[in-house]
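Next come the chains, spelled out residue by residue.
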Amino acid sequence: ANDVLAIVSRKFRRLVALRKGLSRMPSAARFRENIETIVARLKTETRARIGLCSLAPLGENLESQDAFQAELNGRVNEFSRIIAGAARGHGCQYVAVHEVLTEAMGGTSGQSYTQFRLLPFWRDAFRSFVLREDLKVVAPRNGWRWHSDGIHLNRRAGILVADRIQEFLLSG
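Computed from a prediction, not measured in an experiment: that's the story for all the values here.

Focus: the nonpolar core
Core analysis: the largest hydrophobic core is formed by 30 residues, its most contacted members being Val-4, Leu-72, Phe-79 and Tyr-113. Secondary-structure elements contributing two or more residues to this core are α1 (2-8), α2 (10-20), α3 (28-45) and α4 (67-90). Discounting chain neighbours no more than four positions away, the residues touching Tyr-113 are Leu-5, Gly-59, Asp-66, Phe-68, Gln-69, Leu-72, Phe-121, Trp-144, Asp-149, Gly-150 and Ile-151.

Following this line, the structure appears as structure tokens:
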């Protein structure tokens, strides 16, 4: 999801480039290359059963007309297809996180994530860590039903993801 955000948001891209010292900017091709490399190494260096999770949606309006949210939606879909292709190509199991969350979110009823802004993250971190407000209170105050901030999943969404991962773990 950080790659998706870095592609769509110039502000996030600059932040990540400064903090991580990126040698190349994120792209779908680079994401595919990285996923393929990771899976190939896991297959040759471990005997672990491998499951690849699709990306969770960013924002909650899956059919938004807002340009930023629409591009996020398209990129998350594109990157999730890359993950599914890597799972098929390497004989790994695909864990349908994106699909279960988009079904639960129900299309257009949610809030759009219209721009990356750092201040809301700091404000919510302050509310959570300093004021000890539960994210169950903070997220709805900001208009989110499935995220704590439009990017990170809340407990409600996390339970759906955990259920999918548990299905994968128990199926082997």
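Concerning the packing of aromatic side chains
Tallying each qualifying case throughout the model produces five aromatic pairs. Here Phe-12 and Phe-116 contribute two aromatic rings whose centre-to-centre distance is 5.0 Å and whose plane-to-plane angle is 75 degrees, an arrangement assigned as edge-to-face. Taken as a pair, Phe-12 in helix α2 and Phe-116 in the loop between α5 (97-105) and α6 (118-130) lie far apart in primary sequence, 104 residues in all. Like Phe-116, Phe-12 is buried. Measuring from ring centre to ring centre gives 5.6 Å for Phe-116 and Phe-121, while their planes differ by 35 degrees; the resulting arrangement is tilted. Overall, Phe-121 belongs to the buried group, its relative accessible area being 17%. Within the aromatic cluster, the residues linked to one another by ring pairs are Phe-12, Phe-116 and Phe-121. Between the NZ or CZ atom of Arg-156 and the centre of the ring of Trp-146, over which it lies, the distance is 3.7 Å.

Some points on the state of the cysteines
What is meant by a disulfide is a covalent connection between two cysteines, made through their sulfur atoms. In the structure shown here, the tally under the stated rule is zero disulfides. Among the cysteines around Cys-53, which has no disulfide bond, Cys-92 carries the closest sulfur, lying 12 Å off. The class of Cys-53 is partly exposed, set by a relative accessible area of 31%.

What to know about the pattern of salt bridges
Oppositely charged side chains are able to pair whenever their charged atoms sit close together. Enumeration according to the criterion identifies eight salt bridges in this entry. Its salt-bridge partner being Glu-33, residue Arg-24 comes within 3.9 Å of it at the nearest N-O pair. Judged by relative accessible area, Glu-33 falls into the partly exposed class, the value being 42%. For Arg-41, the salt bridge is made with Glu-45, and the minimal N-O distance between the two is 3.0 Å. Linking Arg-41 with Glu-45, this pair stays in helix α3, spanning four residues, or about one helical turn. Salt bridges here are not isolated pairs; linked through shared partners, they connect Glu-71, Arg-75 and Glu-78.

Observations concerning a nonpolar patch on the surface
On the surface, Phe-126, Phe-129, Val-130 and Leu-131 cluster together into a nonpolar patch covering about 450 Å² of accessible area. Relative to the assigned elements, Leu-131 resides in the loop between α6 and α7 (135-141).

Thresholds, definitions, all that
Residues numbered from 1 in each chain as written. Predicted model: local features only at pLDDT ≥ 70, side-chain atom pairs only at ≥ 80, totals over all residues. Heavy atoms only, no water. Core = buried A, V, L, I, M, F, W, Y, C linked by side-chain atoms within 4.5 Å. Buried < 20%, exposed > 50% of the residue type's maximum accessible area, 1.4 Å probe, protein only. Helix = DSSP H or I, 4+ residues; strand = E, 2+ residues; numbered from the N terminus. Contact = heavy atoms within 4.5 Å. Phe/Tyr/Trp six-rings, centres within 6.5 Å; stacked < 30°, edge-to-face > 60°. Lys NZ or Arg CZ within 6 Å of the ring centre and 35° of its normal. Disulfide = S-S within 2.5 Å. Salt bridge = Lys/Arg side-chain N within 4 Å of Asp/Glu carboxyl O. Patch = residues over 30% accessible without salt bridge, like charges linked within 9 Å, V, L, I, M, F, W, Y side chains within 5 Å. Areas by Shrake-Rupley, 256 points an atom, 1.4 Å probe, with all protein chains shown as cover.

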